[in-house]
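Residues per chain are reported as follows:
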Amino acid sequence: MNPRVELFGIAVASVAAVVARRLMGVPRHPAWSLQVETLVEVTRRLAAGSLVRGPHWFREVLDAVPPLLPADRRPLRIEPVDADGVPCRWTWPTHMPSAVPARAIVYLH
């Protein structure tokens, strides 16, 4: 299935679940706004989907999210790289030069 279609379905199902809970008077947390509760619901559904379908599915769905800021206004630059056969991503602030840095932090999941 197309990742954008899948993400749209997850978003719609999340909004429906949040609105239904609020109409019944049982929000997930009373202090949360509708937006926060919806974000938590989307995140919960994405995490559950990644447990069943794997990290590659999760990456595809996240890559389907359109950027919210134009390229010249984004705080981070992300470039895919190959680390001896392992797909990875360099991520650094846009104000830094493109050269490979002398030091890096590695996150392993």
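Just so we're clear, the structure is a prediction, and the values are computed from it rather than from any experiment.

1. Let's talk about the pattern of salt bridges
- The full count for this structure, using the stated rule, is nine salt bridges.
- For the salt bridge of Arg21 with Glu41, the shortest nitrogen-to-oxygen distance reads 3.1 Å. Remark: Glu41 occurs in helix 2 (residues 34-53) and Arg21 occurs in helix 1 (residues 3-23); sequence separation between them is 20 residues. An identical accessibility class is assigned to Arg21 and Glu41; each is buried.

2. A closer look at the pairing of strand 1 (residues 76-83)
- Direction of pairing for strand 1 relative to strand 2 (residues 86-93): antiparallel, over a ladder of eight bridges. Opposite Val81, over in strand 2, you have Cys88 as the bridge partner.

3. Concerning the environment of Pro93
- Mapping Pro93 onto the fold places it in strand 2.
- For Pro93, a relative accessible area of 25% puts it in the partly exposed group.
- In this structure the C-alpha to C-alpha distance between Pro93 and Ala17, which are 76 residues apart in sequence, comes to 36 Å.

4. Considerations on the nonpolar core
- Of all hydrophobic cores here, the largest spans six residues; its members are Leu7, Ile10, Val42, Leu46, Trp57 and Val61.
- Elements supplying a minimum of two residues to this core: helix 1, helix 2 and helix 3 (55-63).
- With residues near it in sequence (within four places) discarded, Leu46 still touches Leu7, Ile10, Trp57, Phe58, Val61 and Leu62.

5. Let's talk about the packing of aromatic side chains
- One pass over the full model with this rule turns up one aromatic pair.
- For the ring pair Trp90 and Trp92, a centre distance of 6.2 Å and an interplane angle of 70° mean the geometry is edge-to-face.
- The class of Trp92 is buried, set by a relative accessible area of 8%.

6. Some points on a nonpolar patch on the surface
- Together, Val15, Val19, Leu23 and Leu34 make up a nonpolar patch on the protein surface, roughly 360 Å² of accessible area in all.
- Here the nonpolar patch gets three residues from one element, more than from any other, and that element is helix 1.
- Mapped onto the elements, Leu23 comes out in helix 1.

7. A short note on the side chain of Glu37
- Mapping Glu37 onto the fold places it in helix 2.
- Here Glu37 is in contact with Val18, Arg21, Arg22, Pro27, Arg28 and Trp32, once residues within four sequence places are set aside.

Procedures and definitions
- Residues numbered from 1 in each chain as written.
- Predicted model: local features only at pLDDT ≥ 70, side-chain atom pairs only at ≥ 80, totals over all residues.
- Heavy atoms only, no water.
- Salt bridge = Lys/Arg side-chain N within 4 Å of Asp/Glu carboxyl O.
- Helix = DSSP H or I, 4+ residues; strand = E, 2+ residues; numbered from the N terminus.
- Buried < 20%, exposed > 50% of the residue type's maximum accessible area, 1.4 Å probe, protein only.
- Pairing = 2+ DSSP bridges.
- Core = buried A, V, L, I, M, F, W, Y, C linked by side-chain atoms within 4.5 Å.
- Contact = heavy atoms within 4.5 Å.
- Phe/Tyr/Trp six-rings, centres within 6.5 Å; stacked < 30°, edge-to-face > 60°.
- Patch = residues over 30% accessible without salt bridge, like charges linked within 9 Å, V, L, I, M, F, W, Y side chains within 5 Å.
- Areas by Shrake-Rupley, 256 points an atom, 1.4 Å probe, with all protein chains shown as cover.

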